Amino acid sequence: MWEKFDDLEMLEGSPIEKWKDIIFNASRNLSGIELERMLELQAIYEVAFEEFELENKLKELYMRLKEDVEFQEKVKHQKNNIAIESMAKILSENE
């Protein structure tokens, strides 16, 4: 999805490290809004898993998938996508 942006200097290196730079250097207000948005999403996921009694199943699945290299690559890719999306939200509001 993000392949067309691979040559942009801003996106060279780790998206997670770039995201941290933006979070730490953007205005406190914009960073705070984005971090709260991410916390709310995490809270929604956790409450949903508890409500549907999936928490224990998720923990069991996590223990099995922790060793799955292909799954870990997908998780890493998704973390990068989330970091890039988060950076875009902060930077678009900063203009």
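Check the entry above for the structure.
Caption draft 1: Helix α2 (residues 28-51), seen in detail. Taking 1.5 Å as the rise per residue, α2 with 24 residues should run 34 Å; its terminal C-alpha atoms sit 34 Å apart, in good agreement. For α2, every residue scored as buried is listed here: Leu30, Ser31 and Glu34. Of the residues one or two after α2, glutamate 53 is the one with positive phi, at around 55°.

Caption draft 2: Summary view of the nonpolar core. With nine residues, the main nonpolar core is built from Trp19, Ile22, Ile23, Ala26, Leu30, Ala83, Ile84, Met87 and Ile90. Taken together, the elements giving at least two residues each to this core come down to α1 (15-25) and α4 (69-94). The biggest single contributor to this core is α4, with four residues. Dropping the residues within four chain positions of it, alanine 83 is found in contact with Pro15, Ile16 and Trp19.

Caption draft 3: Highlighting the pattern of salt bridges. All told, the structure shown has three salt bridges when counted by the stated rule. The salt bridge involving glutamate 17 is made with lysine 20; its shortest N-O contact spans 3.3 Å. Here glutamate 17 and its partner lysine 20 are both found in helix α1, three residues apart, which amounts to about one turn of the helix. Relative accessible area serves as the criterion here: at 32%, lysine 20 is assigned to the partly exposed category. Across the pair glutamate 70 and lysine 74 runs a salt bridge whose closest N-O atoms are separated by 3.7 Å. In this pair, glutamate 70 and lysine 74 are both assigned in helix α4, four residues apart and thus about one turn of the helix distant. By the burial criterion, glutamate 70 is exposed, and lysine 74 matches it.

What counts as what
Here the residue index of a chain counts from 1 through its sequence in written order. With pLDDT at 70 or above as the cut-off, local features in this predicted model cover only qualifying residues; side-chain atom pairs require 80 or more to be listed or tallied, and sums for whole chains, interfaces and linings still use all residues. Only hydrogens and water are set aside when side-chain values are computed; all heavy atoms of the structure are taken into account. Helix and strand definitions follow DSSP, with helices as H or I runs of at least four residues and strands as E runs of at least two, each counted in order from the N terminus. Take the number of residues in a helix, subtract one, and multiply by 1.5 Å to get its expected span. Between buried and exposed lies partly exposed: a residue is buried under 20% and exposed over 50% of the maximum accessible area for its type, with that area taken using a 1.4 Å probe on protein chains only. Among buried residues, those of type Ala, Val, Leu, Ile, Met, Phe, Trp, Tyr and Cys that are joined through side-chain atoms within 4.5 Å constitute a nonpolar core. Here, two residues are considered to be in contact whenever any of their heavy atoms come within 4.5 Å of each other. Think of a salt bridge as a Lys or Arg side-chain nitrogen and an Asp or Glu carboxyl oxygen that are within 4 Å of each other.

Any functional reading would require information that these geometric values do not contain.
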